[in-house]
Amino acid sequence: MAPARRRPAVRAPSKRASSASRAGARDASRASPSPSTTAWTVLSRLFATTFSRRAARREDVERRRTRARALAVACVACAATYLREVYVPAAVRDTFVDSLPDWVNDTVLARLPALELQPETRSRERGPGVELRERGLTPKHPVVIVPGFVSTGLELWRGKACGAHFFRRRMWGTPAMARAFFSNQKCWMEHMRLDGRTGSDPESVRLRAVRGLEGVDWFLPGYFVWGKVIEELSELGYDSNTLHSAAYDWRLSPTMLERRDGYFTRLKSVIETLYSVHGERVALLAHSYGDTISRYFFEWVETPVAKGGGGGGKRWVDKHVHAYVDIAGPMLGIPKTIPSLLSGEMRDTAILGELEGMLGGLLETAVGRLIGTQIKEVCDTFRTWGALWAMLPRGGAAVWGDDDAGAPESGALNFFLQMRAAGTSRETSFNHTVDSALGFLFEQLADSVPHNVAEFSSTIDRASRERLKTRVPDLEAKTAPNFGDPLRSALPRAPNMKIFCLYGAGKPTERAYVYERFDADALRPYQLDVQSRDAALTHGVWQVDGDGSIPLASLGYVCREWRVNRALNPANVSVVTREYAHRPLPLSVGGFQGKSEGDHVNIMGNEDMIRDLLTIVAGRAHAVPPRVVSDVDALADPDRAEKVSNIQKKKRASTRMQANFRGKHDRESLRCEESARRDSLASVSMEVPASMIYSCKFRRMCSAYRLTVLLFWRRQRWALTHNRLWI
């Protein structure tokens, strides 16, 4: 039997060990809390986190609600502004109002007349027409309206397969345009474009202007063009028998308007008919590009038919036209036509270029190229519109300045178009004057739109025209007559006619441009330098005083000159300049387009301007005195024109001096060459007659002929030397 295993003896701990173990237990109890303490801490933290998350969630929800509320207010406010003149039926009004929160009804809809008033209680505000009628004014002169650029609706009469379903619907103007644009943007652009080779309709596309007053009154519901003027004329007593709209296709040049549509022939007939029926001369009202059309018409109608005119005779205008009212007309052109044709950009679209610059690096294929493609499409369309070419700047350095004299608006502005390579500093830029910028533009576009380049080639200098003849063979034949040029063509001999120049002032307007050249970008080699900014530059655009679209120099320079220049005003026609300071009002008072603005378009709703216009057509033209609130007289200063003329004369004299110096230098060089050649030829026993070397005829030879002679003698020398060695 195995012996039992013996247990090891357990040694009792000593006093020192016991005290050490008790101290360690106390330290451990302090380091690790009890289970109850740990649970309480965890729960506290959990509740704190939960409550903080809930609070953050509530703040986030409240923030989103605030943003949504603000967005709703903005949307309803925009809708209220847009529909401020639109009547909404009672059933629709009640349903809409009941579906909205009370705070919307109490704050926003209280200002919306369309949802506030009943049909029987609706009444128009008291306007200038009512005021003048109560003062005894009545219609006197029949009125003919000549609308401006993009102001007339265009409807489709024949289209491509993608747009055939828009037959007799508007491709420009009214909400139908938005439907056509957003349904197929490429198709819409193809229909709006003209043929660059002919300047007329492209194949299988026919857009025509909407006739009548409805073609020029409202561009879109809530956005007027001639709508306010027509309403006030009706309040004065005019109707469709005494008020006529001479609508036209605003894309066409004046020459193509007559060639394709017979526009000036029809306008002449309308004015003669109104004069015959009512026994009163006509008041012609023109806005924007309509001024270019009207001045062209005045010269065309008095030019003999054999010279391309209307054959009305020298006294036609004096017999049929009582007053010509020019509203914001670009008499010396619009600077932004050059960047529009060169790159499709202007101040209004520069923000797209800035967006492209910000996002192009991150989303180059998605955003940058998309914006670039869109601008390129717009630019290609712009180039086919002859109307833009007809509004190119005129007047040269005397009006727009140059590198030496500066600009009339500012001596620091010494360029019209500044060009530099991308990535280089502005110190390396080349400053184009308006003349060199025009020449540069025409040479760039000679291949893409040869018709427009040829038709308006009279606006560029002779050297540029000579260079273009090799690229546009029929340049001279296609050049349009220069009818209506305010600096070359005199006013009609109509001493009984009165001219009124009405325009706004006091709004920043684009005047000069800073460009970058991207040689590697085939899509858009020339782009506005949207990063250029200083006191006068914004997004690469230099701004001066004007009406937001046309600078002051183009609006008022010619009208001030007509008063004193008998060469341009031989019949001493009365010319009145009346300016309207740009005074924007709050949206709640002036509405979307305002009642006292001097903006290029919104001036058509300026009540002060409408009041003056009604006074003129009512036969009280003497009650509309001149008023100038800008520095236009400083721009028309004859001393400046003389200064620019002297600078140009000095430049021409310097050019001739340099040419003479070069010619003298060439003659001296030729003598040295011939003397050296004579010495070298004599060394090989070849006699050169001195009479040939020093004759006047030989000294005047051109460089190419001198080179030919030089090569001939070298060949002879080589032959003689070769023969001697062979011998």
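None of these values were measured; they are calculated from a predicted model. (Residues numbered from 1 in each chain as written. Predicted model: local features only at pLDDT ≥ 70, side-chain atom pairs only at ≥ 80, totals over all residues. Heavy atoms only, no water.)

**Some points on a positive patch on the surface**
(1) Moving on: A cluster of basic side chains, namely Arg53, Arg54, Arg57 and Arg58, defines a positive patch on the protein surface.
(2) Moving on: Relative to the elements of secondary structure, Arg54 occurs in helix H2 (residues 35-82).
(3) Moving on: Overall, the relative accessible area of 45% leaves Arg54 in the partly exposed class. (Patch = residues over 30% accessible without salt bridge, like charges linked within 9 Å, V, L, I, M, F, W, Y side chains within 5 Å. Areas by Shrake-Rupley, 256 points an atom, 1.4 Å probe, with all protein chains shown as cover. Salt bridge = Lys/Arg side-chain N within 4 Å of Asp/Glu carboxyl O. Lys, Arg positive; Asp, Glu negative; His and termini not counted. Charge placed at Lys NZ, Arg CZ, Asp CG, Glu CD. Helix = DSSP H or I, 4+ residues; strand = E, 2+ residues; numbered from the N terminus. Buried < 20%, exposed > 50% of the residue type's maximum accessible area, 1.4 Å probe, protein only.)

**Considerations on the sheet that holds strand E9 (residues 321-327)**
(1) Moving on: Reading across the sheet, the six strands line up as E7-E1-E8-E9-E12-E17 and stay open at both edges, with parallel pairing between neighbours. A single partner strand is all that each edge strand has here, and the edge strands are strand E7 (243-245) and strand E17 (574-581). Averaged over all neighbouring strand pairs, the angle between strand axes comes to 15 degrees, with direction disregarded.
(2) Moving on: Sheet topology places strand E12 (residues 498-505) next to E17; eight bridges connect them, and they run parallel. By the bridge assignment, Tyr503 is partnered in E17 with Glu579.
(3) Moving on: Its contacts with the sheet put helix H11 (residues 263-278) on strand E1 (143-146), E7 and strand E8 (282-287), and the angle it makes with E1 is roughly 160 degrees. (Pairing = 2+ DSSP bridges. Axes fitted to C-alpha atoms, helices over the stretch in contact; angles between N-to-C directions. Contact = heavy atoms within 4.5 Å.)

**Focus on the pattern of salt bridges**
Side chains that differ in sign of charge can pair as their charged atoms come close.
(1) Moving on: Applying the stated criterion across every chain yields a total of 31 salt bridges.
(2) Moving on: For Arg383, the salt bridge is made with Asp380, and the minimal N-O distance between the two is 3.8 Å. Of this pair, Arg383 and Asp380 both sit in helix H16 (residues 364-384), three residues apart, roughly one helical turn.
(3) Moving on: Here Arg517 and Asp519 are joined by a salt bridge, their closest N and O atoms 3.0 Å apart.
(4) Moving on: By sharing partners, the salt bridges in this structure join Asp201, Arg208, Asp249, Arg251, Arg260 and Asp261 into a single network.

**Quick notes on the side chain of Thr577**
(1) Moving on: Note that Thr577 resides in strand E17.
(2) Moving on: Residue Thr577 is classed as buried on the basis of its relative accessible area, which comes to 1%.

**Examining the confidence of the model for the chain**
(1) Moving on: Confidence in the prediction for the chain averages 78 pLDDT; 68% of positions are at 70 or higher.
(2) Moving on: Per-residue pLDDT stays below 50 along residues 103-123; that stretch engages in 38 contacts with residues further than four places along the chain or on separate chains.
(3) Moving on: In this model residues 349-367 is a low-confidence stretch, pLDDT under 50, and it forms 24 contacts with partners more than four residues away in sequence or in other chains. (pLDDT = per-residue confidence, 0-100.)

**With respect to the pairing of strand E16 (residues 541-546)**
(1) Moving on: Pairing geometry for strand E13 (residues 507-517) and E16, over six bridges, is antiparallel. Counterpart to Lys507 in the pairing with E16 is Gly546.
(2) Moving on: As paired strands, strand E15 (residues 537-538) and E16 are joined by two bridges and run antiparallel to one another. Across the sheet, the residue bridging to Thr538 is Val541, located in E16.

**Looking at the packing of helix H10 (residues 254-261) against H11**
(1) Moving on: Their axes nearest at 6 Å, the elements H10 and H11 cross at an angle of 80 degrees. As summarised for this structure, H10 and H11 are arranged roughly perpendicular, according to the angle between their axes. Between H10 and H11, the residues in contact are Pro254, Leu257, Glu258 and Asp261 and Tyr263, Phe264, Thr265 and Arg266, respectively.
(2) Moving on: Grouping the amino acids of the contact of H10 with H11 by side-chain chemistry returns four nonpolar, one polar and three charged. (Parallel < 35°, antiparallel > 145°, perpendicular 65-115°, else oblique. Nonpolar A, V, L, I, M, F, W, Y, C, P; charged D, E, K, R; others polar.)

**Section: empty space enclosed by the protein**
(1) Moving on: Counted according to the given criterion, the structure contains three cavities of 30 Å³ or more.
(2) Moving on: A volume near 240 Å³ is recorded for the largest cavity.
(3) Moving on: Elements with a minimum of two residues in the lining of the largest cavity: H10 and helix H12 (289-302).
(4) Moving on: When residues of the lining of the largest cavity are assigned to their parent elements, the largest contribution, three residues, is made by H12.
(5) Moving on: In the lining of the largest cavity, the residues fall into eleven nonpolar, seven polar and four charged. (1 Å grid on protein atoms, 1.4 Å probe; cavity = no way out; pocket = protein on both sides within 12 Å on 5 of 7 lines; lining within 4 Å. Points joined across faces, edges and corners; volume = space filled by probe spheres on them.)

**Describing unusual backbone geometry**
(1) Moving on: Positioned with a positive phi, Arg168 is a non-glycine residue whose angle comes to about 60 degrees.
(2) Moving on: Topologically, Arg168 is positioned in the loop between strand E2 (154-158) and strand E3 (170-172).
(3) Moving on: With phi around 55 degrees, Ala328 is a residue other than glycine that occupies positive phi space.
(4) Moving on: Tracing the backbone through its elements, the reader meets Ala328 in the loop between E9 and helix H14 (337-342).

**Side note on the sheet that holds E2**
(1) Moving on: Judged by pairing direction, the sheet is antiparallel, and its three strands sit side by side in the order E3-E2-E4 without closing on themselves. A strand with exactly one partner marks an edge of an open sheet, and here the two such strands are E3 and strand E4 (206-209). Taken over all neighbouring pairs, the strand axes of this sheet differ in orientation by 45 degrees on average, direction set aside.
(2) Moving on: Pairing geometry for E2 and E3, over two bridges, is antiparallel. In the sheet register, Glu155 faces E3, and the bridge partner there is Arg170.

**A closer look at the packing of H10 against H12**
(1) Moving on: Two elements in contact, H10 and H12, have axes whose closest approach is 10 Å; the angle formed by their N-to-C orientations is 70 degrees. One finds that H10 runs roughly perpendicular with respect to H12. Only Tyr289, Ile293, Tyr296 and Trp300 of H12 make contact with H10, whose side of the interface consists of Pro254, Thr255, Leu257 and Glu258.
(2) Moving on: Partitioning the contact of H10 with H12 into residue classes produces six nonpolar, one polar and one charged.

**What to know about the state of the cysteines**
(1) Moving on: Under the definition given, this model contains two disulfides.
(2) Moving on: Shown here is the disulfide that connects Cys162 with Cys187, its sulfur atoms set 2.1 Å apart. One disulfide, between Cys162 and Cys187, carries an S-S torsion of 85 degrees and so falls in the right-handed class. Here Cys187 lies in helix H8 (residues 185-192) and Cys162 lies in the loop between E2 and E3, a separation of 25 residues in the sequence.
(3) Moving on: Given a relative accessible area of 30%, Cys162 falls into the partly exposed group.
(4) Moving on: Each sulfur in the disulfide pair Cys501 and Cys559 lies 2.0 Å from the other. Around the S-S axis, the bridge from Cys501 to Cys559 shows a dihedral of about -85 degrees and counts as left-handed. Here Cys501 is found in strand E12, whereas its partner Cys559 is found in helix H23 (residues 552-562), with 58 residues between them in sequence. (Disulfide = S-S within 2.5 Å.)

**What to know about the packing of aromatic side chains**
(1) Moving on: The tally for this structure, following the rule as stated, stands at 28 aromatic pairs.
(2) Moving on: For the pair Phe149 and Trp385, a centre-to-centre distance of 6.2 Å together with 70 degrees between the ring planes defines the contact as edge-to-face. You can see Phe149 sitting in the loop between E1 and E2 and its partner Trp385 sitting in the loop between H16 and helix H17 (386-390), a full 236 residues away along the chain. Just as Phe149 is buried, Trp385 falls in that class too.
(3) Moving on: Ring geometry for Phe415 and Trp542: centres 6.1 Å apart, planes at 85 degrees, overall edge-to-face. Of this pair, Phe415 sits in the loop between helix H18 (397-400) and strand E10 (417-421) while Trp542 sits in strand E16, placing them 127 residues apart in sequence. (Phe/Tyr/Trp six-rings, centres within 6.5 Å; stacked < 30°, edge-to-face > 60°.)

**Thoughts on the environment of Asn496**
(1) Moving on: Within the secondary structure layout, Asn496 lies in the loop between helix H22 (475-478) and E12.
(2) Moving on: The class of Asn496 is partly exposed, set by a relative accessible area of 43%.
(3) Moving on: Taking the C-alpha atoms as reference points, Asn496 and Val321, 175 residues apart in sequence, are found 8.5 Å from one another.
(4) Moving on: When near neighbours in sequence (up to four residues on either side) are disregarded, Asn496 contacts Arg281, Asp318 and His322.

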